[in-house]
Structures are given as structure tokens and as C-alpha cells.
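Here is what each chain is made of, one letter per residue.
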Amino acid sequence: MADVKRAEFRRNRYTSGSAHLDDMIELQKALVLCDSHAMKFKPQAAHYELHPAKNMRRVQGNCDVCQECGAATLFLHESQAVDERRKYDNYRRCSEYAHVVAN
Amino acid sequence: MEYQGDLTGGSTAFIKRYQVAATKATAGVPVLVPAAAGSGLVVATTTSTAKAVGVTIDTSGTYVTAQQTDNADTARTVGVIINPFAVYSLLMSGGATEGTAMVLHTAASGASDGLSFVSDVNTDSPEMADGTFFCLSGANAGISRKLTSNSTTTQTFIVAWPRDIAAGDTFVLAPYDPPRGIKVQLTTLLTQADSSIAVGTGAAFRTIELKFSQHEGRTNSYVNAILANHVMTAVQADA
């Protein structure tokens, strides 16, 4: 039993993808999920949401469940998403009426 | 700093997780390739982004090196945007502390040819020649000009302002001259650009453009830039 418990903390051949995902959620890390695993993930239940910046929702990376590298969806924990949304909104507000300078 | 896109024309961020060599408590900061005997990525400094790997998207948790009593994994990782030509937007701060309003320049007088004006702020120290003035209020509001030479409070331009500058007109001055500039100094937490420093000082960034907000020019203006010393752009020695 102790061996099984230890395996939850470090991804290895005995660790399932979902256990690794649980660990990431517990740590409130950003999640990169491939399309098939993004469909199964319920972000609200885990206090996650899509990245507020539209250009950061679709990324390339290794899925945190199956480790497949490719197009994926980026989720942020809601504690981090609040700050990201504020920054994104401020930038958008600036861009809307901005004077763009490239000398 | 926030990811805005990629100079190659794509908009997709490429994210990889790397082990860190110190606690990364703030997301959106540049990280660098580890030294030869290092244990993981190291965080940039306000004046150096040499051999950058990218910019973080989350935090790492507390860095540990000792074996844990519950045998928990000791490796701490962080997600990093590794696109070498990623464009990041950095909010321009008026000092080393994040969110400081940019210095306000108020004109004391202006020349009748639109080629110079006297500010209430000395731009010789720190040296701001080759920076960019943006007019917040007055007849030239919403227009910018590159500061080509200066002498204490007298600001001189090669290209004239469209209308004469009058006493009381206000400006902000960014120490960047895109695409010429190759330095951006970072704020203390490494998330914004310290725009109070001299032109040409700071960490390695290639500036691409400036975005000045007309209504919130002092608190919500940005410099867009790429990491100018990125490990993915060329074969480089690691350390």
C-alpha cells in the first residue's frame, strides 16, 4: 500500500494519467490537455477555467494525462485566472484606443 | 509579461515543463538555461535575460533539494512558453515597483517650429535620448515623436510635432525606440518593464512596438518585445 501511495507523487509507469492530473490540480498548476482529455475534464468542478487570453487557450504541448504532444487546451486554476484576466482586459482596453508606435 | 503571438505568423504558444532550481512564485517571468552544475531553470534578473528559455505560465511550488519524509517527489516544475520568437507585452512601469505610473512631463514652453520644447523633467539623467515621447494632452494629444537629442530639460526632435507645443501640454516618455531598441529593464518581480531607466540599459529584448493608451497613458501603456537572447534561436553554449 505504501508503494502505491508513493507512486501518486511522482509520475512513473505505475502512475495513471488521471492520478498525475489530480496531483497537478492539487498544486493548482496550469493544465495542458489534449482534445480527448479536455473533453472529459470538468474545469468548474476542479476550480479551473480556460485561459482568459484567447490566444493562450489553444497551445502546443504535452497532455498532462496521456503525455501526447500536439494541439491542446490550456486551463488555469481560478486563483491564477483572476490575475490573468485583469492583465488581459487591461491590454485589450489599451489596444482598443492605443497609439501604436514603431519609429 | 503576457504572450501576444509569434513573429513567425502563428499564434500558438509551445509549452514545455521544466524542472526549476529555485521557487518560482510568480507566473509570467523569463527563465534562463541552468548553469553547468545547476539543477534546473533559473529565473532572469531585472537586467539580464541571457540564454532565456522562455516565459513561465504558472508557479513552481516550494523548491526543495532534500529527500522528503513521505517520499514525495522533490522535483519542482514550471510550464514555460518556449517559442523563440514569441512576442510578449510588458506594461510600462514608472519605476522598479510594478504598477508605478510613468513620469509625467509637463511642457514649460515650446518652440514655434514644433521641433523642441522645455519639459519640467530632466532627461539627461537618466539619459533618455532615443526614447519616444507620447503626448497625453494638448494640441498634439495622441501623437508620438522620437526624442533625437536633449539637454537637461530641453527636448529636441528631427521630425516636428504637427502643432506647436504649449505650456501645460503633458507627455510620457518611454526609453524605447522600436525596432532599434534591444534592451528592456524589468521591474522587481520581472513581470513589467521599468521605463524609468536610461535608454539602452536592461535585459536583452528586441522591442517591436509601443502601445500608448490615450486615456491611461501613464498607467496602461505597453512595450511589445521578443527575448533577444533565446537558447532556441541558435546553438549556444549552455553556460
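Numbers given to residues run from 1 along each chain, matching the order in which its sequence is written. Lettering for chains starts from A, numbering for ligands starts from 1, and both go in the order in which the items are written. For this predicted model, a pLDDT threshold of at least 70 governs which residues receive local features, and a threshold of 80 or more governs which side-chain atom pairs are given and counted, while totals over whole chains, interfaces and linings are taken from all residues. Side-chain descriptors were evaluated using all non-hydrogen atoms of the structure, hydrogens and water having been removed beforehand.

The next subject is the overall build of chain A. Looking only at helices and strands, chain A features 4 helices and 5 strands. Helix numbers and strand numbers start at the N terminus; a helix is a DSSP run of H or I with at least 4 residues, a strand a run of E with at least 2. Along chain A, helices and strands appear, N-terminal first, in the series α-α-β-α-β-β-β-α-β. Per-residue accessibility, obtained with a 1.4 Å probe over protein chains only, is compared with the maximum for each type, and a residue is labelled buried under 20%, exposed over 50%, and partly exposed between these values. Across the 103 residues of chain A, 44% fall into the buried class. Contacts are assigned to residue pairs with any non-hydrogen atoms lying within 4.5 Å of each other. Expressed as a percentage of contacts within chain A between residues at least 6 apart in sequence, the contacts between residues at least 24 apart total 61%. By element, 52% of the accessible surface of chain A is carried by carbon and sulfur atoms, the whole surface being about 6,100 Å². Throughout, the Shrake-Rupley method with a 1.4 Å probe supplies accessible areas, and for residues the shown protein chains are the sole cover considered.

By this rule, a helix spans an expected 1.5 Å times one less than how many residues it contains. Spanning 19 residues, helix α4 (residues 78-96) of chain A covers 26 Å between terminal C-alpha atoms, matching the ideal 27 Å at 1.5 Å per step. Buried residues along α4 of chain A sit against β2 (48-50) and β4 (69-77) of chain A together with β1 (2-6), β7 (86-93), β17 (203-212) and β18 (222-227) of chain B.

In this section: the interface of chain B and chain A. Contact residues are listed per partner, giving 46 residues for chain B and 34 residues for chain A. Between chain B and chain A, the buried area comes to about 3,100 Å², and carbon and sulfur atoms account for 51% of it. A quick way to say it: buried area is the sum, across both parts, of accessible area lost when two parts are put together, with a 1.4 Å probe. A per-residue breakdown of the area chain B buries against chain A is headed by Ile15, Arg17 and Lys211 of chain B, which together make up 17% of the total. By definition here, a salt bridge exists when the distance from a side-chain nitrogen of Lys or Arg to a carboxyl oxygen of Asp or Glu is within 4 Å. Across the chain B-chain A interface, the total number found is 4 salt bridges. Residue Glu2 of chain B pairs with Lys87 of chain A through a salt bridge whose shortest N-O separation is 3.1 Å. Distance and chemistry together define a polar contact, namely a pair of N or O atoms within 3.5 Å, with one atom able to donate a hydrogen and the other to accept it when in protein, and with adjacent residues in sequence counting only for side-chain atoms on both sides. Summed over the shared surface of chain B and chain A, the number is 22 residue pairs in polar contact (both at pLDDT 80 or more). Elements with a contribution of two residues or more to the side of chain B that touches chain A: β1, β2 (13-19), β6 (77-81), β10 (132-137), β11 (144-146), β17 and β18 of chain B. Looking at the side of chain B that touches chain A residue by residue, the class counts come to 18 nonpolar, 17 polar and 11 charged. Note: strand β5 (residues 99-101) of chain A against β17 of chain B, 3 bridges, orientation antiparallel. Across the sheet, residue Val100 of chain A finds its bridge partner in β17 of chain B, namely Lys211 of chain B. For this classification, Asp, Glu, Lys and Arg are treated as charged, while Ala, Val, Leu, Ile, Met, Phe, Trp, Tyr, Cys and Pro are nonpolar and the rest, including Gly, are polar. Strands are labelled as partners when DSSP assigns at least two bridges between them.

Right, let's talk about the packing of aromatic side chains for a bit. Whether two aromatic rings pair depends on their centres lying within 6.5 Å, for rings of Phe, Tyr and Trp, where Trp uses its six-membered ring; planes under 30 degrees apart make the pair stacked, over 60 edge-to-face, and the rest tilted. What the rule picks out here adds up to 12 aromatic pairs over all chains. The interplanar angle of 70 degrees and the centroid separation of 5.1 Å between the aromatic rings of Phe41 of chain A and Phe75 of chain A together place this pair among those described as edge-to-face. Note that Phe41 of chain A is positioned in the loop between α3 (35-40) and β2 and Phe75 of chain A in strand β4, a separation of 34 residues in sequence. Across this residue pair, the class does not change: Phe41 of chain A and Phe75 of chain A are buried. With a centroid separation of 5.5 Å and 85 degrees between ring planes, the pair formed by Phe157 of chain B and Trp161 of chain B is classed as edge-to-face. Note on accessibility: Phe157 of chain B and Trp161 of chain B belong to one class, buried. Members of the aromatic cluster, joined through ring pairs, are Phe117, Phe133, Phe157, Trp161 and Phe171 of chain B.

The next thing to look at is the domain arrangement of chain B. All names here are of chain B. Domain start and stop points were drawn from an automatic or database domain assignment. Domain boundaries in chain B define domain 1 (2-89) and domain 2 (93-222). Computed from C-alpha atoms alone, the centre-to-centre distance between domain 1 and domain 2 is 31 Å. Taken together, the contacts link 15 residues of domain 1 with 14 residues of domain 2. Carbon and sulfur atoms make up 69% of the area that domain 1 and domain 2 hide from each other, which totals about 970 Å². For the domain 1 face of the interface with domain 2, the top three residues by lost area are Thr46, Thr47 and Thr49, together amounting to 45%. Counting across the domain 1 and domain 2 interface gives 0 salt bridges. For the pair domain 1 and domain 2, the interface holds 2 residue pairs in polar contact (both at pLDDT 80 or more). For the side of domain 1 that touches domain 2, a count of residues per class yields 7 nonpolar, 8 polar and no charged.

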